[in-house]
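# Structure assessment
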Amino acid sequence: MALRLRTEMPELKGATEWVNGEVDKEQLLGKPVLIHFWSVSCGLCKKSMPDVLKIRDEYKDKDLQVVGIHMPRSEKDTEIGPVKETIEKYEMTHPQAIDNQHSIVDAFENEFVPAYYLFDAEGQLRHRSAGEKALKMMEKPLHRVLGE
């Protein structure tokens, strides 16, 4: 099962490659953080991308940090070219970890895409959700974490 609420943010180490800048846990502490797991072969992930970008853009003045983690679901998903093309196509200009060895995926004990992990400024997990309604379920916790 995924991380428990109020768990400290795991390290973001072991990515195969970073796109749009590498980040680590220390850089993110002190700010609210949304970690977003997705996969190039996941249709629902692509469908939800505009909503993720909307959240990123809407709350950047509140210092919300958004980090994408590409989680391959098959051998084909480990091809870096198509992942980078998808990042570009969907204008995911925030940091993206390509996690072909599942190092970050395993640290988060994540099994699903799309999946979202919301951390407060102290680095404590405040909400997690996955699947089609995941972003909708995150609205209230996001407002709480942002102090709205």
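Structure shown above.
Counting restarts for each chain, with residues numbered from 1 along the sequence as it is written. In keeping with the predicted nature of the model, local features appear solely for residues at pLDDT of at least 70, side-chain atom pairs appear and are counted solely at 80 or more, and the whole-chain, interface and lining totals rest on all residues. Side-chain measures here rest on the full set of heavy atoms in the structure, leaving out hydrogens and waters.

Looking now at the pairing of strand β6 (residues 125-130). The side chains of a regular strand alternate, residue by residue, between the two faces of the sheet. Across five bridges, the pairing between strand β5 (residues 115-119) and β6 is antiparallel. Bridged to Tyr117 within β6 is Arg128. Any two strands between which DSSP finds at least two bridges are classified as paired. Secondary structure elements follow DSSP: runs of H or I of four or more residues count as helices, runs of E of two or more count as strands, with numbering from the N terminus.

With that out of the way, let us pick up helix α2 (residues 43-58). Given the number of residues in a helix, its expected span is that number minus one, multiplied by 1.5 Å. With 16 residues, α2 should reach 22 Å at 1.5 Å per residue; the first-to-last C-alpha distance of 24 Å fits that figure. At any given residue, the bend is defined as the angle formed between two axes, one fitted to the seven residues that end at that position and one fitted to the seven that begin there. Largest kink in α2: about 40 degrees, centred on Met49, with the proline Pro50 one to four residues after it. Each residue's exposure class comes from its accessible area (1.4 Å probe, protein chains only) as a fraction of the maximum for that residue type: buried when under 20%, exposed when over 50%, partly exposed otherwise. Buried within α2 we find Cys45, Ser48, Met49, Val52, Leu53, Ile55 and Arg56. The elements touched by buried residues of α2 are β2 (33-38), β3 (65-70), β5 and α5 (134-145). We call two residues in contact whenever any of their non-hydrogen atoms come within 4.5 Å of each other.

Right, let's talk about the nonpolar core for a bit. The nonpolar core is taken to be a set of buried Ala, Val, Leu, Ile, Met, Phe, Trp, Tyr and Cys residues, with the residues joined through side-chain atoms within 4.5 Å. Ranked by size, the top nonpolar core spans 33 residues in total, and within it Ile35, Phe37, Phe108, Tyr117 and Phe119 carry the most contacts. Elements supplying a minimum of two residues to this core: β1 (17-19), β2, α2, β3, α3 (80-89), β4 (96-98), α4 (103-107) and β5. Of the residues forming this core, the biggest block, four residues, is contributed by β2. What Phe37 contacts, discounting residues up to four positions off in sequence, is Ile69, Ile104, Val105, Phe108, Asn110, Phe112, Val113, Pro114, Ala115 and Tyr117. With 14 residues, the next largest nonpolar core counts Leu135, Met138, Leu142 and Val145 among its residues.

With that out of the way, let us pick up the sheet that holds β4. The strands that make up a sheet are held in pairs by hydrogen bonds between backbone atoms, and each pair lies either parallel or antiparallel. Ordered by their spatial adjacency, six strands build an open sheet running β1-β4-β3-β2-β5-β6, and the pairing between neighbours is mixed. Sheet topology places β1 and β6 at the edges, where each strand pairs with a single neighbour. This sheet shows a mean twist of 20 degrees between the axes of neighbouring strands, independent of strand direction. As paired elements, β2 and β3 share six bridges and run parallel to each other. Bridged to Leu34 within β3 is Val66. Note on method: axes are straight lines fitted to C-alpha atoms, helices fitted across the in-contact stretch only, with angles between N-to-C directions ranging 0 to 180 degrees. Along the sheet, α2 makes contact with β2, β3 and β5, crossing β2 at roughly 165 degrees.

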